[in-house]
Amino acid sequence: MQAKDSSSRYGILSMLFHWSIATLFLVQFYLIKRRPYLPEDAPERGLYMLLHKSIGVTLLPIALAFLIWRLKNLRPRLPGHIKPHEIFLARTSHTLLYAIMLIMPISGYLMSTFFGGTTSFFGLFNLPMLVGQNEAASAFFSSMHTIGANCFIGLAIFHIAAALKHHFVGKNDILRRMLPAYNPSPLEGEKE
Ligand code: HEM
Ligand code: HEM
C-alpha cells in the first residue's frame, strides 16, 4: 500500500499517525483516571504519572508531524453525496481535534513546569524547565488541561459516532478508507 494519501483513501503513513495518536490518547486517559484508585503508597502511582507525562510530551511531535503531513498531502475527498453541513461538521471537528492534540501536551508540560515539577522522559532524562515557578500560571494551564480533556471527550464521541454512522447507516467507505484492507472504487462526483 502507498505511503501517501490519494483522493479516495488514506495512505499508510496517515493511518499510522491517526491510529497511534488515537491509541496513545486512550492510554493517557487510562493512566490518569486509574491512578487515583491505586493505593496511596503504591509505587505504580509515580510510574503512572511518569508514563502520562512522557507519553504526553511524545504526542506533541507526533501530532505536529501528522498535521504537517496532512497539510502537504492531497486530502482524500468526500464522496459527492455527503451533504454540505456534514462536510462543515467534518472539517470543523477535525480542525478542533488537531488543536486539542497540540493543546494537551503543551498545557500539561506548562502546568507541571510552572508548578515547579520536572518532566522525566521515560526515566531517561529530564526535559528542560523552560519556565520558572509561578502558581497562577500553573493554575491557568491546569484549567486549560482539564477543559481540553473534557472538550476532547465530547469531540471524540462525536467523531467516533460519525465514523460509525457513515459505516452502518450511510453504508459508505469513510471508515474503511482509514483502514489498511480497503480497495477503493472510483468516487462519483467527488467533493472537497
Ligand atoms: C495528549 C497529551 C495528554 C492528554 C490526553 C492528557 C490528559 C489528561 C487528563 C484527562 C487529565 C485529567 C484532568 C482532570 O480530570 O482534571 C490529566 C491530568 C494531568 N496531566 Fe495530562 N494529558 C496529556 C499530557 C500531559 C503532559 C505532557 C503532562 C506533563 C508533562 C501532563 C500532566 C498532567 C498532570 C500533572 C495532571 C494532573 C494529575 C492530577 O491531578 O493528579 N499531561 N491529563
Ligand atoms: C475509535 C476511534 C476513532 C475512529 C473510529 C476514527 C475514525 C476516523 C475516520 C474514519 C477518519 C477519516 C474521515 C474521512 O475520511 O474524512 C478520521 C479522521 C481523523 N481522525 Fe479519527 N477516529 C478515531 C479516533 C480519533 C482520535 C482519538 C483522534 C484525535 C486524537 C482522531 C483524529 C482524527 C483527525 C484529526 C482526522 C482527520 C484526518 C485528516 O486530516 O484528514 N481520531 N478518523
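Use the structure listed above.
Description of the structure in this document. (Residues numbered from 1 in each chain as written. Chains lettered and ligands numbered in written order. Predicted model: local features only at pLDDT ≥ 70, side-chain atom pairs only at ≥ 80, totals over all residues. Heavy atoms only, no water.)

Examining helix α1 (residues 12–34)
- For α1, with 23 residues, the first-to-last C-alpha span of 32 Å sits near the 33 Å given by 1.5 Å per residue.
- Taken residue by residue, α1 has Ser14, Met15, Phe17, His18, Ile21, Phe25, Gln28, Phe29 and Leu31 as its buried positions.
- On the buried face of α1, the contacting elements are α2 (44–72), α3 (84–115) and α4 (135–169). (Helix = DSSP H or I, 4+ residues; strand = E, 2+ residues; numbered from the N terminus. Expected span 1.5 Å × (residues − 1). Buried < 20%, exposed > 50% of the residue type's maximum accessible area, 1.4 Å probe, protein only. Contact = heavy atoms within 4.5 Å.)

What to know about the coordination of the iron atom of ligand 1
- Taken together, the protein donors to the iron atom of ligand 1 comprise His52 (NE2) and His145 (NE2), at separations of 2.0 to 2.1 Å.
- Its six donor atoms give the iron atom of ligand 1 angles of 86 to 180° at the centre, a pattern that matches the octahedral case. Residue histidine 52 is found in helix α2, and its partner histidine 145 is found in helix α4; the two are separated by 93 residues along the sequence.
- Histidine 52 gets classed as buried once you look at its relative accessible area, which sits at 13%.
- Owing to a relative accessible area of 16%, histidine 145 belongs among the buried residues under this scheme. (Donors = N, O, S within 2.8 Å, 3.2 Å for Na, K, Ca; no water. Tetrahedral: all angles 85-135°; square planar, octahedral: opposite > 155°, others 65-115°.)

Details of the nonpolar core
- Core analysis: the biggest nonpolar cluster contains 22 residues, and Ile21, Phe25, Phe66, Ile100, Met101 and Phe152 have the highest contact counts within it.
- Going through the elements one at a time, α1, α2, α3 and α4 are the ones with two or more residues in this core.
- Broken down by element, the residue count for this core peaks at six residues, all from α2.
- Beyond its immediate sequence surroundings of up to four residues, phenylalanine 25 is in contact with Leu59, Ile100, Met101, Met104 and Phe152.
- Counting residues in hydrophobic clusters, the runner-up holds six residues, among them Tyr109, Leu110, Ala137 and Phe141. (Core = buried A, V, L, I, M, F, W, Y, C linked by side-chain atoms within 4.5 Å.)

Comments concerning the site of ligand 2
- Within the structure, ligand 2 sits among 21 residues, and Tyr10, His18, Tyr98, His159 and Arg177 are positioned closest to it.
- Contacts to ligand 2 include arginine 70, whose side-chain N or O atom sits 2.8 Å from an oxygen atom.
- Arginine 177 is positioned with one of its side-chain polar atoms (N or O) 2.8 Å from an oxygen atom of ligand 2.
- Judged by the proximity of its atoms to the pocket grid, ligand 2 belongs to the largest pocket.
- No other element matches α1, which puts five residues into the shell around ligand 2.
- Classifying every residue of the shell around ligand 2 by side-chain character gives 15 nonpolar, three polar and three charged. (Near = heavy atom within 4 Å. Polar contact = N/O pair within 3.5 Å; in protein donor to acceptor, adjacent residues only side chain to side chain. 1 Å grid on protein atoms, 1.4 Å probe; cavity = no way out; pocket = protein on both sides within 12 Å on 5 of 7 lines; lining within 4 Å. Sits in = over half its atoms within 2 Å of the grid points. Nonpolar A, V, L, I, M, F, W, Y, C, P; charged D, E, K, R; others polar.)

Focus on the coordination of the iron atom of ligand 2
- Listed as protein donors to the iron atom of ligand 2 are His18 (NE2) and His159 (NE2); their distances from the metal cover 2.0 Å.
- Each of the six donor atoms bound to the iron atom of ligand 2 contributes to angles spanning 87 to 179°, and the resulting shape is octahedral. Separated by 141 residues along the polypeptide, histidine 18 in helix α1 and histidine 159 in helix α4 bring together distant segments of the chain.
- We classify histidine 18 as buried; its relative accessible area is 18%.

Things to note about the site of ligand 1
- In the vicinity of ligand 1 there are 22 residues, among which Lys33, His52, Gly108, His145 and Thr146 approach most closely.
- Contact between ligand 1 and histidine 52: a nitrogen atom at 2.8 Å from a side-chain N or O atom of the residue.
- Here histidine 145 contributes a side-chain N or O atom positioned 2.8 Å from a nitrogen atom of ligand 1.
- A majority-of-atoms criterion places ligand 1 in the second largest pocket.
- For the shell around ligand 1, the residue count by class is eleven nonpolar, eight polar and three charged.

Quick notes on the packing of aromatic side chains
- Following the criterion strictly, the structure yields nine aromatic pairs and no others.
- Relative to tyrosine 98, the ring of phenylalanine 66 lies with its centre 5.4 Å away and its plane at 55°, an arrangement referred to as tilted. Taken together, the residues phenylalanine 66 in helix α2 and tyrosine 98 in helix α3 connect sequence positions 32 residues apart. Of the two residues, phenylalanine 66 and tyrosine 98, both sit in the buried class.
- A centroid spacing of 5.0 Å and a plane angle of 85° characterise the contact between phenylalanine 140 and phenylalanine 141, whose relative ring orientation is edge-to-face.
- The buried category is assigned to phenylalanine 141, whose relative accessible area is 16%. (Phe/Tyr/Trp six-rings, centres within 6.5 Å; stacked < 30°, edge-to-face > 60°.)

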